[in-house]
Every structure is written in structure tokens, then in C-alpha cells.
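A closer look at the structure
Now for the letters of each chain:
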Amino acid sequence: MLKRIALTAYALDGWLHGNHPGLYGGILRWGLVVSILGSLSTLRHAIDTDSVGVGSIVPLVFQTALLINQLAQWHELNERRRLRRGATHS
């Protein structure tokens, strides 16, 4: 079931990128910025916590990995926009 939902979401994502690239990309970029700010806040809170142990390291590792992924997605969206703009200006 999850595999089917993921495949449908993947297809819909591709369709939206192809048919509404500016609008869809803009929504995704802004959403990622908000999500990145939230991850930074959570990461800052995890770092500022005085307790040290597995309970505090797990959220730190998770938030760091999530932040890396979000920044990579943001970069990918910006590259798509750059390439699309370059193609329209040629």
C-alpha cells in the first residue's frame, strides 16, 4: 500500500513539475525554507539541552540528517528553476 502511494506521489510530483513548474516549485521552495527553519530551531534546542546521552544524541543525528536532506532538496529545486529559465532565455 505504501509503495503504491509513494509511486503515485512520485508520478504526481513529476506531472506538477512538468505542467506547473513555477507555481509548484515556488510552493516547494517556500515550504522547504519554513521546514529548514523549523529543523534549525529543533537542532538548536537539541544542542542547547544540557543532558548528554543516547536520548539526546538520537534527535541531534536525526535533525542533522533531515536538515542535510532539506538543503539538498532546496538546491535541486533551485537548479531546476535555473535550468528552466536558461532554456526559456535561449
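Structure: above.
Figured I'd write up the structure that's included with this text. Just so we're clear, the structure is a prediction, and the values are computed from it rather than from any experiment.

1. Here we look at the overall build of the protein
Counting its regular elements, the protein contains 3 helices and 0 strands. When the helices and strands of the protein are placed in sequence order, the string is α-α-α. Relative to the compact-globule value of 12 Å for 90 residues, the protein shows a C-alpha radius of gyration of 17 Å, a clear excess of over 25%. Its C-alpha atoms put the protein at 55 × 35 × 15 Å along the principal axes. The burial tally for the protein puts 19% of its 90 residues in the buried class. Accessible surface, the protein as shown: approximately 7,000 Å² in total, 69% of it carbon and sulfur. One way to put it: in the protein the 9 positive side-chain charges average out to a point 14 Å from where the 5 negative ones average out.

2. Some remarks on the pattern of salt bridges
What the rule picks out here adds up to 2 salt bridges. Arg80 serves as the salt-bridge partner of Glu76, at 3.9 Å between the closest nitrogen and oxygen. Residue Glu76 and its partner Arg80 are both found in helix H3 (residues 54–88); the two are separated by 4 residues, about one turn of the helix. The closest approach of N and O atoms between Arg82 and Glu79, which form a salt bridge, is 2.8 Å. In this pair, Arg82 and Glu79 are both assigned in helix H3, 3 residues apart and thus about one turn of the helix distant. Exposure remark for Arg82: the relative accessible area of 49% places this residue in the partly exposed category.

3. Regarding the packing of helix H1 (residues 2–19) against helix H2 (residues 21–48)
Two numbers describe how H1 lies on H2: the axes approach to 5 Å, and their chain directions differ by 120 degrees. With respect to each other, H1 and H2 are oriented oblique. Mapping the contact onto sequence places Asp13, Leu16, His17, Gly18 and Asn19 in H1 and Pro21, Tyr24 and Leu28 in H2. Taken together, the residues of the contact of H1 with H2 sort by class into 4 nonpolar, 3 polar and 1 charged.

About the thresholds
Residues numbered from 1 in each chain as written. Predicted model: local features only at pLDDT ≥ 70, side-chain atom pairs only at ≥ 80, totals over all residues. Heavy atoms only, no water. Helix = DSSP H or I, 4+ residues; strand = E, 2+ residues; numbered from the N terminus. Rg over C-alpha atoms; globule rule 2.2 N^0.38 Å. Buried < 20%, exposed > 50% of the residue type's maximum accessible area, 1.4 Å probe, protein only. Areas by Shrake-Rupley, 256 points an atom, 1.4 Å probe, with all protein chains shown as cover. Lys, Arg positive; Asp, Glu negative; His and termini not counted. Charge placed at Lys NZ, Arg CZ, Asp CG, Glu CD. Salt bridge = Lys/Arg side-chain N within 4 Å of Asp/Glu carboxyl O. Axes fitted to C-alpha atoms, helices over the stretch in contact; angles between N-to-C directions. Parallel < 35°, antiparallel > 145°, perpendicular 65-115°, else oblique. Contact = heavy atoms within 4.5 Å. Nonpolar A, V, L, I, M, F, W, Y, C, P; charged D, E, K, R; others polar.

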